[in-house]
Amino acid sequence: MKNISFKPLKDIKRATLLVLFLVTLASCSDDKPKTKNAKDMLITGQITADLTSPPKVPVPIGDRKAKKLIVNMEILEQEGTMTDGVKYIYWTFGGSVPGSFIRTRVGDEVEFTLSNHPDNKLPHNIDLHAVTGPGGGAESSFVAPGHEKTFSFKTLNPGLYVYHCATAPVGMHIANGMYGLILVEPEGGLPPVDKEYYVMQGDFYTKGANGERGLQAFDMQKAVNEDADYVVFNGKVNGLTGDNALTANVGETVRIFMGNGGPNLVSSFHVIGEIFDRVFVEGGTLVNKNVQTTLIPAGGAAMVEFQVDVPGTLVLVDHSIFRAFNKGALGMLKVSGEEDEKVYSGTQMEGIYLPEGSGIQTMPSTATAKEEAPQELSLAERLNLGKSVYQQTCFACHQPEGQGIPGIFPPLAKADYLNADVDRAIDVVLHGKSGEITVNGTKYNSVMTKQTLTDTEVASVLTFVYNNWGNSKKEVTSAMVKSRRNAK
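Residues numbered from 1 in each chain as written. Predicted model: local features only at pLDDT ≥ 70, side-chain atom pairs only at ≥ 80, totals over all residues. Heavy atoms only, no water.

### Digging into the confidence of the model for the protein chain
Phase 1: Summarising the model, the protein chain shows a mean pLDDT of 88, and 87% of its residues fall at 70 or more.
Phase 2: Here residues 1-10 is modelled with pLDDT under 50, and outside its nearest four sequence neighbours on either side it reaches zero contacts, counting other chains as well.
Phase 3: Note that residues 357-372 has pLDDT below 50 and, in this model, five contacts with residues that lie over four places away or in other chains. (pLDDT = per-residue confidence, 0-100. Contact = heavy atoms within 4.5 Å.)

### Thoughts on the sheet that holds strand β17 (residues 287-291)
Phase 1: Pairing is mixed across the open sheet formed by six strands, whose spatial order is β12-β10-β14-β19-β16-β17. On the outer flanks of this sheet lie β12 (230-233) and β17, each paired with one strand and no other. Averaged over all adjacent pairs, the angle separating strand axes in this sheet is 20°, with direction ignored.
Phase 2: When strand β16 (residues 276-280) meets β17, the two strands line up antiparallel, connected through four bridges. In the sheet register, Phe280 faces β17, and the bridge partner there is Val287. (Pairing = 2+ DSSP bridges. Helix = DSSP H or I, 4+ residues; strand = E, 2+ residues; numbered from the N terminus. Axes fitted to C-alpha atoms, helices over the stretch in contact; angles between N-to-C directions.)

### Points about the packing of aromatic side chains
Phase 1: Tallying each qualifying case throughout the model produces 15 aromatic pairs.
Phase 2: Through a chain of ring-to-ring contacts, three or more aromatic side chains come together here, namely Phe233, Phe269, Phe276 and Phe306.
Phase 3: Lying over the aromatic face of Tyr417, Arg424 brings its terminal NZ or CZ to 3.7 Å of the ring centre. (Phe/Tyr/Trp six-rings, centres within 6.5 Å; stacked < 30°, edge-to-face > 60°. Lys NZ or Arg CZ within 6 Å of the ring centre and 35° of its normal.)

### A short note on the nonpolar core
Phase 1: Core analysis: the largest hydrophobic core is formed by 66 residues, its most contacted members being Leu181, Phe204, Ile256, Phe257, Phe269, Phe306 and Leu333.
Phase 2: Each residue touching Phe306, except ones within four places of it in the same chain, is listed here: Glu252, Thr253, Val254, Ile256, Glu274, Ile275, Phe276, Asp277, Leu314 and Leu333.
Phase 3: Counting 29 residues, the second-largest nonpolar core is a separate cluster that includes Ala38, Phe93, Ala130 and Val184. (Core = buried A, V, L, I, M, F, W, Y, C linked by side-chain atoms within 4.5 Å. Buried < 20%, exposed > 50% of the residue type's maximum accessible area, 1.4 Å probe, protein only.)

### With respect to helix α7 (residues 379-398)
Phase 1: Here α7 spans only 23 Å end to end across 20 residues, well under the 28 Å set by a 1.5 Å rise per residue.
Phase 2: The axis of α7 is deflected most strongly, by about 50°, at Gln392.
Phase 3: Considered for burial, the residues of α7 that qualify are Arg382, Gly386, Val389, Tyr390, Cys394 and His398.
Phase 4: Of the residues one or two after α7, Gln399 is the one with positive phi, at around 75°. (Expected span 1.5 Å × (residues − 1). Bend = angle between axes of the 7 residues up to and from the residue.)

### A word on the packing of helix α10 (residues 455-466) against helix α11 (residues 478-487)
Phase 1: Closest axis-to-axis distance for the α10/α11 pair is 8 Å, and the angle between their directions is 115°. When the axes of α10 and α11 are compared, the crossing they make is right-handed. Contact residues: α10 offers Asp455, Thr456, Val458 and Ala459, while α11 offers Ser478, Val481, Lys482 and Arg485.
Phase 2: For the contact of α10 with α11, the residue count by class is three nonpolar, two polar and three charged. (Left-handed = near helix turned anticlockwise from the far one by under 90°. Nonpolar A, V, L, I, M, F, W, Y, C, P; charged D, E, K, R; others polar.)

Right under this line is the structure:
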């Protein structure tokens, strides 16, 4: 009886396991029909792709049907500006670094023609990570100067993909700027947003050191050692600052198609003063929410989306932070609109903080402490305090000897702009400064943010700067700072 009663039970278990296995197998193959469907999608008509240079992107695909998409891309080797006074020969797709943005949808049949300008010196090709096929198209697109090659492919998988040159030595071609992004939108398109921008990070290796003037050649040994002289957004230092800054209005949703051409360095992409509401991780369909910094591998991409809630200048950086402030991986998003103190109040009050025992404490008599004129420090005390403030507040941008960062932040050492007008210098520290200025004959176009310092601290740090690095030896007092503060 024992064997008779348990044998059917074992059979039921076996049958149940078989059913579960078949269900699991079916569920695992759910992704396959998507690729199959994309491959077999009906093509309705033909259009020519609108290719755009960064930071612009073509208009969204929306709900258009799959089509034959004609892409014509030209390779250009041309001289450009890395930073002020520094020239470089870029190898480009479409005449820009990164190359032209390509926007497609799942199921499109892309007919791609790659032309190598006859004035170019080298053969090139293209490897599109969105391509399913040998070399991502590289094997079919190898083209000499003065020639062109055509191949076609089907867009099977939605996502944001890098393309790059894959001609040997591959790293050298990428390092000279040969990379870009191709977006494959899902059926029905991406959700609408107010602003879309195209940004790519890249690392560059030059014979001369960072900031060394003149036409710089590529340095293969530095590239092999991964010792980048420049790490930049959109091909150059200050490529996204000043007149080139991205813009938005309060309340708008911004989508950044962010890529990393490499060839070597991973990007820790961050926007100072914002949180990414949504991140399409590695450019795929997985969405992460409420992200502060997102990793983008070399040869990878991500889509980030966020709503801007308050006005001001948001700063785009690679949060491997010395790359931002010392090598150029810095950009700006200028947001216009009304303040919202519920979100961000700005400075509400300021005062002098003296911990217990750090100085002699006295109580105010008839007047309040705020109304009393600040007690002036001696020159020696101001120099000592100023040095401390400089090291905590100014050091990163203007450097330990006031030399600044070439092409990004102006020098304070022997600075004609600084020495010409003390009141202007006070105003810059108190209220910030943006737009183009000329220091010692060199133009700079970045942002000096408003500093939350007391009158005594402002006076001290400026006195320290004026009395160092070949400057004019001027003294700035708290009363002078207070007068300028009240003048505004």
